[in-house]
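# Architecture at a glance
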Amino acid sequence: MKKIAINWSVHCCLISHKMKAVAAAELCIFLLSVSCLLLLSSGFHLHSKHYDYSATTECLKEPHRAQYGGGIIVNPGFDHNIKGWTVVGNGTIEERISNDGNRFIVSRNRTRALDGFSQKVHLKKGLIYIFSAWFQLSEGNEFVSVVFKTNESELVHGGRVIAKHGCWSLLKGGIVAKFSRHVEILFEIENPTVELWADSVSLQPFTRKQWRLHQRDSVEGVRKRRVRFQVTHPNGTALEGATVVIKQTRADFPFGCAMNHYILTNKDYQKWFVSRFKYTTFTNEMKWYSTEIVQGYENYTIPDAMLQFSKENGIFVRGHNIFWDSPRRQPHWDLTLSPDELRVAADKRMNSVVSRYKGQVIAWDVVNENVHFHFFEDKLGENISAEYYLAAYRLDPNTEMFMNEYNTIEVVGDKNASPTNYIRKLKEIQQFPGIDGISLAIGLQGHFPRGVPNLAYMRSGLDLLAATGLPIWLTEVSVDAQPNQAEYFEDVLREGFSHPAVQGIIMFVGPEQAGFDSTLLADSNFKNTPAGDVVDKLIREWGTGPQTDIADRRGIIDISLYYGDYDVTVTHPLTKYSKTMNISVRKGFSLETVHVTVDA
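Bear in mind that the values here come from a model prediction, so they are computed numbers and not experimental data. (Residues numbered from 1 in each chain as written. Predicted model: local features only at pLDDT ≥ 70, side-chain atom pairs only at ≥ 80, totals over all residues. Heavy atoms only, no water.)

### Description of the sheet that holds strand β30 (residues 578-585)
One open sheet holds the four strands; their spatial order is β27-β15-β29-β30, and the pairing between them is antiparallel. With partners counted over all chains shown, the strands left at the sheet margins are β27 (547-550) and β30, one partner each. Direction aside, the axes of adjacent strands within the sheet are offset by 25° on average. Judged from the eight bridges that link them, strand β15 (residues 243-251) and strand β29 (residues 564-571) form a sheet pairing that is antiparallel. Following the sheet pairing, Ala251 is matched in β29 by Gly564. (Pairing = 2+ DSSP bridges. Helix = DSSP H or I, 4+ residues; strand = E, 2+ residues; numbered from the N terminus. Axes fitted to C-alpha atoms, helices over the stretch in contact; angles between N-to-C directions.)

### Some details on helix α8 (residues 384-395)
For α8, spanning 12 residues, the distance from its first C-alpha to its last is 16 Å, which sits close to the expected 16 Å at 1.5 Å a residue. Along α8, the positions that sit buried rather than exposed are Ile384, Ser385, Ala386, Tyr388, Tyr389, Leu390 and Ala392. (Expected span 1.5 Å × (residues − 1). Buried < 20%, exposed > 50% of the residue type's maximum accessible area, 1.4 Å probe, protein only.)

### Regarding the pairing of strand β7 (residues 116-123)
Counting buried residues along β7, six of its eight residues qualify, which places the element largely inside the surrounding structure. As judged from the three bridges shared by strand β4 (residues 86-88) and β7, these two strands associate in the antiparallel manner. Of the residues in β7, the one forming a bridge with Val87 is Phe117. Pairing analysis gives five bridges linking β7 to strand β12 (residues 181-188), with the strands arranged antiparallel. Residue pairing across strands places His122 opposite His182, the latter belonging to β12.

### Some points on the confidence of the model for the protein
For the protein, per-residue confidence averages 89 on the pLDDT scale, and residues scoring 70 or more make up 90% of the total. The low-confidence segment residues 1-47, where pLDDT is below 50, has 135 contacts with residues more than four positions distant or belonging to other chains. Below pLDDT 50 for its whole length, residues 589-600 participates in 39 contacts with residues either more than four positions away or in separate chains. (pLDDT = per-residue confidence, 0-100. Contact = heavy atoms within 4.5 Å.)

### Describing helix α11 (residues 485-498)
With 14 residues, α11 extends 20 Å between its outermost C-alpha atoms, agreeing within 8% with the 20 Å of an ideal straight helix rising 1.5 Å per residue. Within α11, 13 of the 14 residues are buried, which leaves the element mostly enclosed by the surrounding structure.

### Points about the pattern of salt bridges
Enumeration according to the criterion identifies 27 salt bridges in this entry. Residue Asp252 pairs with Arg250 through a salt bridge whose shortest N-O separation is 2.8 Å. Taking relative accessible area as the criterion, Asp252 reaches 30% and is therefore assigned partly exposed. Residue Arg250 is classed as partly exposed on the basis of its relative accessible area, which comes to 37%. Residue Lys537 is joined to Glu490 by a salt bridge in which the shortest nitrogen-to-oxygen separation is 2.9 Å. With a gap of 47 residues between them, Lys537 in helix α12 (residues 530-544) and Glu490 in helix α11 connect regions that are remote in the sequence. According to the relative accessible area criterion, Glu490 is buried, its value standing at 11%. One salt-bridge network, held together by shared partners, links Glu94, Arg96, Arg108 and Glu195. (Salt bridge = Lys/Arg side-chain N within 4 Å of Asp/Glu carboxyl O.)

### Quick look at the packing of aromatic side chains
A full pass over the atoms with the stated rule returns 33 aromatic pairs. Note on Tyr51 and Trp211: the rings are 5.8 Å apart at their centroids and 70° apart in plane angle, and the pair reads as edge-to-face. Taken together, the residues span a long stretch of sequence, with Tyr51 in the loop between β3 (35-39) and β4 and Trp211 in helix α2 (residues 208-222) at a distance of 160 residues. The exposure classification of Tyr51 matches that of Trp211, with both residues buried. For the pair Phe104 and Trp168, a centre-to-centre distance of 5.3 Å together with 75° between the ring planes defines the contact as edge-to-face. (Phe/Tyr/Trp six-rings, centres within 6.5 Å; stacked < 30°, edge-to-face > 60°.)

Okay, structure coming up:
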């Protein structure tokens, strides 16, 4: 049988979604033989119930227009005086007009926290409601909360903002309706002596199907790109039937799991972990109370061994944590130190742990939970957190410094850790002399309690925090044990992965043999729990599994790939000769041409 020499080539080009289709086509005319055309598109599909991710943390001279045209709110911009709005409790309400002609509502002569203006709306069970409005005060600064009064006694909070005198602040939040009934929208402000002003009020409902569409469209736009493989014979004809097998070798999006010291002695735990995850956070082993149980006697044996295990298996580690601001989470001996003694001990701790692991961790949780707690501030002064961020940066300048907090996106009732309060603390740190230029980042733990997760509050909180422009990670995701735990766990993970501002997710969960109990992924025999099935499904879905496609009559294969690195094997339909190449799918524009010669 006569040998036939076949030459074929692979050309890969990544084209920005901002380029017109015509320009892309013209560019690809010049490609030779077999070409792999990676068409980058935004992936967004237009539908009537889009989601508006926009938010601002700035206090503005004039408010923006109501999102979604106000949704189901009547007269959201007060263009029709105060039609649709009624007085609640004591006081009066009226419309006012600013010097620039903007109309808004005012409540004055209030005597109680919930006195003011109100509107009744009908909620439908299962729908997800996004709320937004702009607020201003006649004087001072105060928290303003949106409250949904479901009956005579039940009040459901939907979010809060720090309103100010002289400018307008955005409150963005929401609820998931657990019932179908009429409710009254109220606005709570503890100081009854100030006037409350409001404008551009909106309440927009979304079905769960629409919510999932938002997630899908966002993922297509911010996590993936459309890829086109075009296979042709050297003579220019399409090579119909060519097989392309694509396997991800590295994902761009960090999705990981907590790890504890059982990993060092439990082979089953090691196998379970390494087969799934490339990112981790040590649960307790790197914390101060673990490495210096007795003052003056440091012992890093366990975190050193865990870090070595991680390196050997290609696992990236977050540094957790340098300090913990809760008085209950200190080495017991530092509680009785004088301020001067505590400062010396804390400085030693800072230099010890950060210098030891410099360049070996991808993040530092610098002062853990210092929105809720203030142990070090009480002892060493209100600026001590900022000083520690700066000190950590100077010791390890190429690592991101996280402000790690709980309840910011998961518990709407926790005023202390609300997105508004988190941002206030963050700005205090940013304003400290010398902080400019350090790699600050936002860490949101995400420990969700029992009950249906308030995805409206979670997403709106992420929107507000995204307005800071800083990287956001979900750092300790878990969901309390309950009948629908796996479903709720999946909801939370999908919400985090799909949000444009989130850059990584670490779960604080694991197998039973390692002592995890809030969200178990595997039982004592390392058999998956329902939550474990969710995680494995998402790992497969988010791009790590191999994908196989056959070229059509035009020699073309279109596929959507997550950002990352891939091994691509192209097989000729007649000779069955295979050749493997590597491609990278990234944001932006690049052009790569790979020539493959086949002698079959």
